[in-house]
Amino acid sequence: MTSGEYLIPIGIGGFFAIVGIILIFLGRGEERSYYDSLASRPDAREFLEHWPERPRVGALKIGGWIALIVGVLLMVMGGAFWLWS
């Protein structure tokens, strides 16, 4: 690798890591607001039992964790290229 090419995976990895962290926090807020709205209903069975499962509530958090893992792996890969070049 030529000088400076290791910065590309580090930069992309940093971007993915930042986006992942933002998505995790947005997902927590969405989940909190969803369950707060359920708690205000007279029938709170779904709030107490979390049944039926709603995958859309945790979708942002799951996507955030995936983006964070991909970002960290890319930064590690860029760091390895930097060390061994």
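Engineer: Hey, could you run me through the overall build of the chain in this one?
Structural biologist: Counting its regular elements, the chain contains three helices and zero strands. Each helix and strand of the chain, ordered N terminal to C terminal, gives the series α-α-α. Relative to its 85 residues, the chain shows a buried fraction of 24%. Carbon and sulfur atoms provide 71% of the accessible area of the chain, an area that totals close to 6100 Å².

Engineer: In this structure, what is going on with the packing of aromatic side chains? I would like to understand it.
Structural biologist: The geometry of an aromatic ring pair is captured by two quantities: the separation of the ring centres and the angle between the planes. With the rule as written, the count across this model stands at two aromatic pairs. Taking the centre distance of 6.2 Å and the plane angle of 85° together, the rings of Phe15 and Phe16 count as edge-to-face.

Engineer: Just to check I follow, could you spell out a nonpolar patch on the surface for this structure?
Structural biologist: A cluster of nonpolar side chains, namely Ile8, Ile12, Phe15, Phe16, Ile62, Ile66 and Val70, defines an oily patch on the protein surface of about 660 Å² accessible area. Here the nonpolar patch gets four residues from one element, more than from any other, and that element is helix H1 (residues 7–39). Mapped onto the elements, Ile66 comes out in helix H3 (residues 59–84).

Engineer: Would you mind going over the confidence of the model for the chain with me for this structure?
Structural biologist: Close inspection of predicted coordinates is inappropriate for parts of the model with low pLDDT. Of the residues in the chain, 87% reach a pLDDT of 70 or more, and the chain-wide mean stands at 85. Helix H2 (residues 45–49) is the least confidently modelled element of the chain, averaging 68 in pLDDT, while H3 averages 94, the highest of any element.

Engineer: Could you clarify how one ought to interpret the environment of Arg56 in this entry?
Structural biologist: Relative to the helices and strands, Arg56 resides in the loop between H2 and H3. Arg56 sits 29 residues away from Gly27 along the chain, and the two C-alpha atoms are 9.7 Å apart. In this structure Arg56 touches Glu30 and Tyr34, once residues within four positions along its chain are discounted.

Rules behind the numbers
- Residues numbered from 1 in each chain as written.
- Predicted model: local features only at pLDDT ≥ 70, side-chain atom pairs only at ≥ 80, totals over all residues.
- Heavy atoms only, no water.
- Helix = DSSP H or I, 4+ residues; strand = E, 2+ residues; numbered from the N terminus.
- Buried < 20%, exposed > 50% of the residue type's maximum accessible area, 1.4 Å probe, protein only.
- Areas by Shrake-Rupley, 256 points an atom, 1.4 Å probe, with all protein chains shown as cover.
- Phe/Tyr/Trp six-rings, centres within 6.5 Å; stacked < 30°, edge-to-face > 60°.
- Patch = residues over 30% accessible without salt bridge, like charges linked within 9 Å, V, L, I, M, F, W, Y side chains within 5 Å.
- Salt bridge = Lys/Arg side-chain N within 4 Å of Asp/Glu carboxyl O.
- pLDDT = per-residue confidence, 0-100.
- Contact = heavy atoms within 4.5 Å.

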